[in-house]
Every structure is written in structure tokens, then in C-alpha cells.
Amino acid sequence: MVFCQRNKSFIYSEGILFIVIALLSIYLLSFRAIGLLCGYVIGYLLCRYIYNSSKCCHILGKYTLLGVAVILALGISVNLWYFTEFSGGSVSEPVLNNLDSSRFFICAKEIYMGEPISVNVPYLGYPFIVAMLWKLTGVTIVVPLLINYFFTLLSVVLTSFIAIRIISGRVSATELNRLGAVAMLLVGVCSFYLGCGTVVLKEPSIYLGSALAIYIISGLAERKAQSRERQNREILLFVFAVVLLAFNRLMILPLFILGTLIFASKTNLRQVAIMCILASVIMCLGTVFSLREMSEHMSVYASDNLAVSNYIPDRQHDYNRIVEGYFEFPQWKKILFLPITATVQYFIPFAWTALQDVEYGPTQVYSHFGFGWYFVGGLILFYLFFSKYFKYDSTILKWIIFATISYIVPAFLFAGSVSRYWLPYLPLYVVFGANVILGLKNADCRRAFKWWAIFYLLLVVIILIIGYRLMLND
């Protein structure tokens, strides 16, 4: 059953925007744009069908999904031109200056050709998916880019489903769909989240696995018991999510096992036990098929003896001096540094460093404009600091605990220097921000938010100025 009615103005908007994408792509890529355009349309229509067919559908969500699809498609077309025509490469031999992108592409080719893996790629999930699709298309950079396009779009759709599950029963049915659509919009304005979907990186695979895992865990958090049929269906979806994570970023799984245990209750004990056992087994399989030794996995989670050059770029000289020797610190000292590392993780990448990464793809300039995230983060912090305006209960408090842990762990492990490591949890974080948007209809909440917005804006400006001055001195 389709829950969203057809809307002529929306259909016209789709047509116009995809014509713009087609014209730009054909101008940049000539006849090679045809397959790319087909991929854009098919990926978008599949995600639109999933969203339109759900009870979560809202017109704002439809426009958000369209807007995200347009941003991703335009970015991928420009990047593809940059990797091929501009740089003197081809679709089968693109010029990828980003070391991670280059390794993923080479790894996928070696899997495709049946050759031994010669590059340092710890997890083979993303290259394997690419190589399998190349069996149908031949070697082309279009495939990994379209995979990321589709996975990112699907993650945005799942954001709505997550928001509605978490807040269900706390607001009216009309507000619930609007809240889900607002959550999608808040993800859509975070440029770094979308930017990772326009280059050859495994991040969108982790987005999808994480969003699906959070969605299933949000089902455990519901107060009513689930039918056996639904439990079995959600266990299968959880297995798919865990497989994506185990073969793309293995050490993220303990956090989701923890999340599953947080929401264990008498009504879902069987489902929780099965999910935890399966996740543990798949995690072991991920370890076996990883190109990393077990000791390397453990050293990442212990945050001990990691290569500083892998996580803290040389250009961050002043920050390097502040956290010098971080990966040799005792654990208690790393905890004391959390206010610094968590703040750095919140604000990077900085906008003024955008041109330093343009060689990795023009959309990396867009990824550096974190102002959308600063806006979303301000909403989330208001929700956390001004709890009296919102309906907290024990379940919401558990979500806040899980969200806090998921944000702090990357800051603790990597000195706050790799901000993309918390991006997979963004579909959960924005649920809190969406609650604030809907809560502003309350006059007292609106008044408090005005004062918060002034304070927060000044704080952000001051921190950005300090960051700019420190990097300017470098």
C-alpha cells in the first residue's frame, strides 16, 4: 500500500532536477554519462519507493530525499569528471589521489581478476561488492560511486524510520511523520555525511549497516512485545547489518552489541540473545577474513601504540603539540583529555582547509563546510541541556547514553582527529535535534532556545576563530 499521495508539483520538481543532472553529466562526461544517469534514476526510484510505501512518508521527507539525491548525483558527476577527463584518466583507470580510494579500487580489481591482494586494505567488504558488480559491467569507477550513492540515500530513508520508532507513542501520529521527515532533513544538511557518498570510500557501507542496526535496536526499545514473525524478520535484517559492518569496520560491532544489551528486557530476551550470539559469530568471521592480525584489532580498541601519522595530520601542528604522545597515554589520562578531543572531533574538518583536499575530488570542498552540522549539533545540545522541555523517560535516557558512548569512543580512541568515525551514528543523533524543531511550538521552549542560540553561536564563532588562529600560526 502506498501511503504518500502523488503530488504533481513534486513530480515536476523531480523531472526538472534530473534534467539538470543529465545536462551537467552529459556536458562533463559525454556518452559515458548514460550508464551513470541510469544508475542515478534507478537508485533514487528504489529509495523513493521504499519511503513512499512506508507509514512514515511525509512530503518534507520526499523533498529531502530528492534534494539529497541531487546533491549526491551532481557531486559524483563532477568527481567522475575530475578523476577521468580532468586528470588524464579513464573510467577503468581513474586517477585517485586519495590513498584510501586508490587502495579500494586496486583491491577491487585484484579480487575481480582473482589475484592476491597487494594493497593495505584491512576489510574487503566494499571492494568485494564492487568486484562482484564488475562481473556484470566490467571495470569502471562508476560502480563504486553508484554503490555509495544508493547506500547513502537508503541510510537517509532509514533515518526517518529510526526517528519514528524511537519517538513513537510520545507525540501524535501527525507529528510523528513530520518528525521523521525533519530527521531526514537534518542528516541532509550535514555536508560531511553526504560528501563521503560521492567518493570511493567504504563509509556509505558503514552508514547503511549502522543505520539498519540502529533501526533494529530501536525495535527492541519499543514497549510492546513483538510477534515471533517480526522478531525473526528483524533478526535477519540485523544479520545483514552486522555482515556489512563486520566486513567494512569490524571494531564498530562491540558498540552495537552493547546497544542491543542496553535495550534487553523480558519481552525481547530471546531476540536479544540470538542477535548477540549471531553478531559475535559474524564478528569472529570478520576477524578471520580481515587482512589484519587480531592483535592489530585489539590495539585499535585499546588505543595503544597506534601510528600517529595515520590519525593526526602533520598540518595540525599546534594540536599535535597539545596531544603529543596521546597513543602512549594511560587510559585515565585519555579520559581526562576527552573535553579537548571530543570538541576537536565536533568541529573538524574546518572550512578553511577545504582547498587542501580538493585533489581528492572537488566535493571534498563541500565536505569541509560543517556549518550545517554546527546547526544540527546546536539543536542536539539544546535537547540534552534543556531536558525539562522534552518528554524524557527511561528509554530516552538509554538512547542518550548509547548516543553519548558512540560519540565519545572515537574521540577517545583517535584523539578526536578522525571526525568521520562518528558519522555512522548521525541518524540517531538527529532524532534529538528533530525533537527540538517540533518542540519550538511551545512558547517557553522557544524563549529558552533563543537565548541558547545566541550563546551557542558566540561559542562556535570563538572556537572557530581560535582554531583558525592556531592553524594560521602553523
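Residues numbered from 1 in each chain as written. Predicted model: local features only at pLDDT ≥ 70, side-chain atom pairs only at ≥ 80, totals over all residues. Heavy atoms only, no water.

Engineer: Just checking my understanding: could you explain the side chain of Thr 64 for this structure?
Structural biologist: The topology assignment puts Thr 64 in helix α3 (residues 59–86). On the basis of relative accessibility, which here comes to 7%, the residue Thr 64 falls in the buried class. In this structure Thr 64 touches Ala 181, Met 184 and Leu 185, once residues within four positions along its chain are discounted. (Helix = DSSP H or I, 4+ residues; strand = E, 2+ residues; numbered from the N terminus. Buried < 20%, exposed > 50% of the residue type's maximum accessible area, 1.4 Å probe, protein only. Contact = heavy atoms within 4.5 Å.)

Engineer: It is not clear to me how the packing of helix α11 (residues 253–262) against helix α20 (residues 394–414) should be interpreted in this structure. Could you clarify?
Structural biologist: To describe two helices that pack against each other, one gives the angle between their axes and the distance between the axes. Closest axis-to-axis distance for the α11/α20 pair is 10 Å, and the angle between their directions is 165°. Here α11 is positioned roughly antiparallel relative to α20, judged by the angle of their axes. Relative to α20, α11 is oriented so that their crossing is right-handed. Here Leu 255, Phe 256, Leu 258, Gly 259 and Ile 262 of α11 lie close against α20, whose contacting residues are Lys 398, Phe 402, Ile 405, Ser 406 and Val 409. Class assignment of the residues belonging to the contact of α11 with α20 gives a composition of seven nonpolar, two polar and one charged. (Axes fitted to C-alpha atoms, helices over the stretch in contact; angles between N-to-C directions. Parallel < 35°, antiparallel > 145°, perpendicular 65-115°, else oblique. Left-handed = near helix turned anticlockwise from the far one by under 90°. Nonpolar A, V, L, I, M, F, W, Y, C, P; charged D, E, K, R; others polar.)

Engineer: Teacher, can you tell me more about the nonpolar core here?
Structural biologist: Note that soluble globular proteins tend to have their nonpolar side chains buried in a common cluster. Core analysis: the largest hydrophobic core is formed by 162 residues, its most contacted members being Tyr 40, Tyr 149 and Trp 399. At 18 residues, the largest contribution of residues to this core is made by helix α6 (residues 142–167). For Tyr 149, the residues in contact, after removing those within four places along its chain, are Phe 18, Gly 39, Tyr 40, Gly 43, Tyr 44, Ala 69, Leu 72, Ala 73, Ile 76 and Gly 197. (Core = buried A, V, L, I, M, F, W, Y, C linked by side-chain atoms within 4.5 Å.)

Engineer: Which parts of the structure should I look at to understand the layout of surface pockets?
Structural biologist: Space left empty within the atom packing is revealed by a probe, the size of a water molecule, rolled over the atoms. Estimates place the volume of the second largest pocket at around 610 Å³. Within the residue set of the lining of the second largest pocket, elements represented by two or more residues are α17 (338–347), α19 (371–385), α20, α21 (426–439) and α22 (443–473). In terms of residue class, the lining of the second largest pocket is built from 21 nonpolar, three polar and no charged. (1 Å grid on protein atoms, 1.4 Å probe; cavity = no way out; pocket = protein on both sides within 12 Å on 5 of 7 lines; lining within 4 Å. Points joined across faces, edges and corners; volume = space filled by probe spheres on them.)

Engineer: Teacher, can you tell me more about helix α9 (residues 203–220) here?
Structural biologist: Count 3.6 residues to each turn of an α-helix, and residues three or four apart come out pointing the same way. The terminal C-alpha atoms of α9 lie 26 Å apart, and with 18 residues this matches the ideal 26 Å at 1.5 Å per residue to within 8%. Of all the 18 residues making up α9, 18 are buried; the element is thus mostly covered by neighbouring parts of the structure. (Expected span 1.5 Å × (residues − 1).)

Engineer: Please clarify how the packing of aromatic side chains should be interpreted in this entry.
Structural biologist: In this description, an aromatic ring pair is defined by two values, namely the gap between the centres and the angle between the planes. Counted under the stated rule, the structure contains 45 aromatic pairs. Measuring from centroid to centroid gives 5.0 Å for Tyr 82 and Phe 86, while their planes differ by 15°, and the two rings are stacked. Of this pair, Tyr 82 and Phe 86 both sit in helix α3, four residues apart, roughly one helical turn. Measuring from centroid to centroid gives 5.8 Å for Trp 452 and Phe 455, while their planes differ by 45°, and the two rings are tilted. Of the two residues, Trp 452 and Phe 455 are both situated in helix α22; the distance of three residues between them amounts to about one turn of the helix. On the basis of relative accessibility, which here comes to 9%, the residue Trp 452 falls in the buried class. Relative accessible area serves as the criterion here: at 48%, Phe 455 is assigned to the partly exposed category. A cation over a ring is seen here: Lys 333 above Phe 329, with NZ or CZ 4.2 Å from the ring centre. Positioned above the aromatic ring of Phe 412, the side-chain terminus of Lys 334 is 5.9 Å from the ring centre. (Phe/Tyr/Trp six-rings, centres within 6.5 Å; stacked < 30°, edge-to-face > 60°. Lys NZ or Arg CZ within 6 Å of the ring centre and 35° of its normal.)

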